[in-house]
Amino acid sequence: MRSIIYYLREFLRPEWIRKFFFAKTAPLETPSYFKGYPTLTGNECTACLSCMMICPAPKAIAVLRTRDGWEPEIYPGHCIRCGLCVEACPEGVLSSGRILDVTRRDGTAFWSWYHLQVDDNLCMRCGNCCVSCPVNREIDPQLAGSGTSSSDEVIMRVEGGRVRILHEEKCTGCKTCETQCPNRAIRVARMVEGVQIGEAEV
Amino acid sequence: MSILQKIKNTVRSRSIHVAYVDVGSCNGCDIEVLACLAPRYDIEQYGIYVHNNPREADVLLVIGSVTPQWVDKLREIWDKIPDPKVAVAIGNCPISGCVYARRGTLTSPPAEKYIPIAAQVPGCPPRPTEILNAILSVAPLIFKDYEEKQP
Ligand code: SF4
Ligand code: SF4
Ligand code: SF4
Ligand code: SF4
């Protein structure tokens with residue numbers, strides 16, 4: 001009997017009831033510096049796909065066509081909130097926490113380019129890559145089936161019995177050459193380097 | 001609903017027992033669950049208590065991308081939890097497999113394939129506040145009118 005009274009006294013204390021039913025603090029608010037899922041800032045997306053290419057998580061981001069332009073879409077079940085897409089986007093389309101503020105303050109950016117590599121052992125000098133390249137064809141419409149071109153401005157051409165890369169920097173990374181090559185001899189790699197803004201212009 | 005039932009529901013929703021199972025995670029989400037216990041988030045002030053015994057649990061937190069060793073064990077653990085029960089997937093791994101959902105990996109996400117998942121907390125890892133909010137939001141659903149729902 002004494003123990004029942006003891007229990008009742010214990011559990012009927014106002015302080016105990018308050019502690020049991022009411023939490024001391026409401027579930028904490030998310031701080032402003034917290035890196036969440038990237039959200040849209042409203043800037044216009046140019047569909048350069050830098051965000052998709054730098055993303056380390058498979059299927060986390062897709063740049064989709066909307067009625068009036070392009071828009072990146074983040075899939076939270078795949079996104080790991082690394083914020084690389086926010087940093088890589090040259091237009092500031094995405095934001096997440098303070099990433100944009102920090103990159104602006106520190107003047108950092110991702111500088112990316114495409115690296116073309118031809119494996120001379122696999123290549124049979126057919127010139128398919130040079131002909132199929134849309135940039136090549138635009139620069140030199142004369143480019144015929146042989147892949148040889150007299151222009152020095154093309155990205156690549158067959159010269160002296162092998163494929164020579166002349167202007168790697170003009171490549172847009174479309175990978176048409178890779179798919180057209182019958183021997184898988186040509187490889188297009190996207191290279192990314194973190195730079196200070198000053199350096200990037202040199 | 002009788003007033004007694006109402007009191008029962010309220011009291012029960014202030015006493016939620018959580019078990020967690022790590023089915024192959026990188027430990028990122030485990031650390032966040034651990035942070036929920038620490039004084040800053042203090043999960044117990046909301047009436048949530050963490051155990052590692054499924055027989056005592058109401059809520060099962062599933063963490064990790066389901067490695068082959070866990071495929072059958074996850075179901076076994078779920079079956080051991082007495083009704084009413086819910087499972088919450090914490091982090092991207094049990095939801096989609098995240099970076100492990102590639103060709104050639106041995107993991108077989110999502111966790112939904114093996115047990116029913118009531119709520120998902122995406123994030124790699126999610127914040128303790130997000131985990132807390134998820135548990136608090138599923139808790140009323142578990143206990144609400146449980147006895148009346150019984151056949
Ligand atoms: S935050 Fe990281 S994982 Fe998420 S979409 Fe951007 S690059 Fe991909
Ligand atoms: S990097 Fe920016 S501009 Fe380019 S596709 Fe992605 S969101 Fe659009
Ligand atoms: S990736 Fe596209 S633009 Fe670049 S060399 Fe190949 S075909 Fe030309
Ligand atoms: S398409 Fe392939 S095999 Fe043909 S020239 Fe180009 S790299 Fe060589």
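Criteria and cut-off values
Residues numbered from 1 in each chain as written. Chains lettered and ligands numbered in written order. Predicted model: local features only at pLDDT ≥ 70, side-chain atom pairs only at ≥ 80, totals over all residues. Heavy atoms only, no water. UniProt positions renumbered as here; feature names shortened; annotations may be inferred. Patch = residues over 30% accessible without salt bridge, like charges linked within 9 Å, V, L, I, M, F, W, Y side chains within 5 Å. Areas by Shrake-Rupley, 256 points an atom, 1.4 Å probe, with all protein chains shown as cover. Salt bridge = Lys/Arg side-chain N within 4 Å of Asp/Glu carboxyl O. Lys, Arg positive; Asp, Glu negative; His and termini not counted. Charge placed at Lys NZ, Arg CZ, Asp CG, Glu CD. Helix = DSSP H or I, 4+ residues; strand = E, 2+ residues; numbered from the N terminus. Buried < 20%, exposed > 50% of the residue type's maximum accessible area, 1.4 Å probe, protein only.

Looking at an unreviewed UniProt entry, chain B carries the name NADH:ubiquinone oxidoreductase-like 20kDa subunit domain-containing protein, with the source organism given as Methanoculleus chikugoensis. Quoted verbatim from the Cofactor (unreviewed entry) heading of the UniProt record, the comment on chain B is "[4Fe-4S] cluster". What UniProt states about chain B under its Sequence similarities (unreviewed entry) heading is, verbatim, "Belongs to the complex I 20 kDa subunit family."

For chain A, the name recorded in an unreviewed UniProt entry is 4Fe-4S ferredoxin-type domain-containing protein, with Methanoculleus chikugoensis as its organism.

> Could you clarify how one ought to interpret a negative patch on the surface in this entry?
Residue and element names in this part refer to chain A. A cluster of acidic side chains, namely E44, D68, E71, E73 and E91, defines a negative patch on the protein surface. Turning to its location among the elements, E44 is positioned in the loop between β1 (39-40) and α3 (50-54). Residue E44 is classed as exposed on the basis of its relative accessible area of 65%.

> Got a minute to help me understand the pattern of salt bridges in this structure?
Oppositely charged side chains are able to pair whenever their charged atoms sit close together. Residue and element names in this part refer to chain A. Throughout the structure, instances matching the rule amount to 11 salt bridges over all chains. With a closest N to O distance of 2.8 Å, R13 and E10 form a salt bridge. The class for R13 is partly exposed, based on a relative accessible area of 34%. As a salt-bridge pair, E178 and K175 come within 3.8 Å of each other at their nearest N and O atoms. Residue classification places E178 among the buried positions, given a relative accessible area of 19%. Through salt bridges with shared partners, one network takes in D152, R157, E159 and R164.

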